[in-house]
Amino acid sequence: MLTNNLYDINEHNHLTIGGVDALELAQNFGTPLIVYDVARIKQQLQAFQTAFAQQNIDYAVSYASKAFAAIAMYQVVNQAGAHIDVVSGGELYTALQAGFPMDKVSFHGNNKTPAELLLAVKQHVGVIILDNFYEIELLNQILQENQTKIKVMLRITPGVTAHTHQYDQTGQEDSKFGFDVRSRQATRALKMVLANSRMDLIGIHAHIGSQILEVEGFELEVQALMQIIKDWSQQYDYQPQVLNLGGGFGIRYTAQDQIIEPGVFVKAIVQAVKRSASKYQLSIPAIWIEPGRSIVGAAGYSLYTIGSRKDVPGLQSYVNVDGGMGDNIRPALYQADYEAILARNPQAAAVETVHLAGRYCESGDILIDQQKLPASHPGDIVAVLATGAYGYSMASNYNRVPRPAVVFAEAGQSQLVIKRETYADLVSHDCFYQQKGGN
Ligand SMILES: Cc1ncc(COP(=O)(O)O)c(C=O)c1O
Ligand SMILES: N[C@@H](CCCC[NH3+])C(=O)O
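A quick note: this is a predicted structure, and the numbers were derived from the prediction, not measured. (Residues numbered from 1 in each chain as written. Chains lettered and ligands numbered in written order. Predicted model: local features only at pLDDT ≥ 70, side-chain atom pairs only at ≥ 80, totals over all residues. Heavy atoms only, no water.)

A.B. asks: What is the right way to read the site of ligand 1 from this model?
C.D. replies: Around ligand 1, a shell composed of 15 residues is seen, among which Ser210, Gly248, Glu290, Arg293 and Tyr390 lie nearest. In the model, an oxygen atom of ligand 1 is placed 3.2 Å from a nitrogen or oxygen of the lysine 66 side chain. Glycine 248 is positioned with one of its backbone polar atoms (N or O) 2.8 Å from an oxygen atom of ligand 1. Calculation on ligand 1 without its partners gives an accessible area of 390 Å², and the protein chains cover 93% of this total. (Near = heavy atom within 4 Å. Polar contact = N/O pair within 3.5 Å; in protein donor to acceptor, adjacent residues only side chain to side chain. Areas by Shrake-Rupley, 256 points an atom, 1.4 Å probe, with all protein chains shown as cover.)

In structure tokens:
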């Protein structure tokens, strides 16, 4: 077996995922198919956990489950002893169904509904990350009505701009998330929550963005937050137990992306916290992080079957596959780049550069704009690499195409973890039209 860090191949030169031949996976489960190498997920979780443990510090690694949420995924995270963050009643409900311990759940969102907050309170989630004044009021009402208390954190927007796609930036002042620092919203929120006996303010949270491939943004984030903690400690005698720095750790999508190992990110973060703590004479808080993409991104593969192609003399050809923007919106939404390989021989020499196009009725449904491919034929299986984060979780039924199945592969075995949608599933929520009124 050959392993080159990006993918593995077996003695037939076929791509393998979790020790399972990708052609077999496509044959057994059909395509489009999303396959996770479970060992890679576990390795990533462990890499973050080990890095913190080596730094001798209180920590929590909280998987940001918006990257890929499924009962089986929550089970894997639970097995690893990690926390999760959820951003909706749907994610929370899925975690409940998976038997995930509610005390390890952080509940995020810039517009949590009353029903979602009530569910979180009734299920005693570990912490609610407060995002705005309306939510403080809403939560207070719910806590009063239910005569209960809950742990909270304040999400603040520290004014740090991450170097990443505009849609992936969240820490800058002009953002829909969190309490603004400069206009003293964050301080007002602090005072409100400290005065509320039903809310136990365990910490502060910030998240500067996603797919970040440098440590500096996180160091700036730490400096900004520790400065706020210093001010709050002096003015309000408040020091948080937890400093939650969010997620955003980047992964390799293509050869352009120079990745930073989890251990390097963690070390830089911990050192930055320790430096600021010593500078301002503060105690060192527990550090929580919320990696999503970096846990599941590289572990996921999308398998597609090649069908038609279009060749126009003088133009780059289109090779069309049986999935596309319905199962991976990222190229269309963020101009995200990916790489693909031919599953029957990933190392075969390329003979052409093509547009690897999806099957949806949109000119923008191009999975990879310039993909080098060996000679390929209808029926060949192509694997797009590193699709494990924000692929299935952002999938849609556009064009009434059923969403693909998801399979976990591990130790040479595979198991279905999300069934392929059927046409019957698609119409199962439709109701027949009945004419009202005359005519
Ligand atoms: C609050 C928060 N935490 C964690 C994440 C996960 O980010 P990533 O998948 O980039 O690690 C996000 C999404 O960007 C987020 O908004
Ligand atoms: N969905 C984004 C990442 C999440 C950003 C939201 N906080 C992506 O696919 O890159």
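Additional details are given in the paragraphs that follow.
A.B. asks: I tried to follow unusual backbone geometry on my own but got confused; where do I start?
C.D. replies: Negative phi is the rule for most residues except glycine; trans is the rule for most peptide bonds. With an omega of -10 degrees, the peptide bond between threonine 31 and proline 32 qualifies as cis. For proline 32, the position within the fold is in the loop between helix H1 (22–29) and strand S5 (33–37). If you check the backbone angles, glutamine 281 has positive phi at about 55 degrees while not being a glycine. Here glutamine 281 shows up in the loop between helix H9 (262–280) and strand S14 (286–289). For glutamine 281, a relative accessible area of 72% corresponds to the exposed category. For tyrosine 390, which is not glycine, the phi dihedral falls at a positive 60 degrees. For tyrosine 390, the position within the fold is in the loop between strand S20 (381–385) and strand S21 (405–410). Judged by its relative accessible area of 15%, tyrosine 390 is buried. (Helix = DSSP H or I, 4+ residues; strand = E, 2+ residues; numbered from the N terminus. Buried < 20%, exposed > 50% of the residue type's maximum accessible area, 1.4 Å probe, protein only.)

A.B. asks: Explain the environment of isoleucine 212 to me, please; I cannot follow it from the model alone.
C.D. replies: Of note, isoleucine 212 is situated in the loop between strand S12 (199–205) and helix H8 (216–236). Its relative accessible area of 0% is what places isoleucine 212 among the buried residues. Residues isoleucine 212 and glycine 247, spaced 35 residues apart in sequence, show a C-alpha to C-alpha distance of 9.1 Å.

A.B. asks: Help me understand the UniProt feature "active site" (unreviewed entry) in the protein chain, please; the structure alone is not making it clear to me.
C.D. replies: In the numbering adopted here, UniProt assigns the feature "active site" (unreviewed entry) to Cys361. Position of cysteine 361 relative to the elements: it lies in the loop between strand S18 (352–357) and strand S19 (366–373). Looking at cysteine 361, the relative accessible area reads 64%, which means it is exposed. Contact partners of cysteine 361, with chain neighbours within four places excluded, come to Tyr398 and Asn399. (UniProt positions renumbered as here; feature names shortened; annotations may be inferred. Contact = heavy atoms within 4.5 Å.)

A.B. asks: Looking at this structure, how should I read the nonpolar core?
C.D. replies: One recurring pattern in soluble globular proteins: nonpolar side chains tend to sit buried together. One finds Phe68, Met73, Ile128, Leu130, Leu139, Leu154 and Val296 to be the most contacted residues of the largest nonpolar core, which totals 91 residues. In terms of residues, this core owes the most to one element, H9, which gives nine residues. Setting aside residues no more than four positions away along its own chain, methionine 73 makes contact with Ile41, Tyr63, Phe68, Ile295, Val296 and Phe408. (Core = buried A, V, L, I, M, F, W, Y, C linked by side-chain atoms within 4.5 Å.)

A.B. asks: What's the story with the side chain of glutamate 91 in this structure? I'm lost.
C.D. replies: One can find glutamate 91 in helix H4 (residues 89–97). It turns out glutamate 91 is buried and unbridged, and the closest side chain with the opposite charge, lysine 66, is 6.8 Å from it. Once you skip the residues sitting within four places of it in the chain, glutamate 91 turns out to touch Ser65, Lys66, Ala69, Tyr74, Asp85 and Val86. (Lys, Arg positive; Asp, Glu negative; His and termini not counted. Salt bridge = Lys/Arg side-chain N within 4 Å of Asp/Glu carboxyl O.)

A.B. asks: Could you clarify how one ought to interpret helix H5 (residues 114–122) in this entry?
C.D. replies: Every α-helical turn comprises 3.6 residues, leaving residues that sit three or four positions apart pointing alike. Of all the residues in H5, the buried ones are Glu116, Leu117, Ala120 and Val121. The arc enclosing the buried residues of H5, seen along the axis, measures out at 135 degrees, which places them on a common side. Away from its buried face, by an angle of more than 90 degrees, H5 presents the exposed residues Ala115 and Lys122. Contact partners of the buried residues in H5: H4, strand S8 (105–107), strand S9 (127–130), helix H6 (133–145) and strand S10 (150–157). (Arc of directions from axis to C-beta.)

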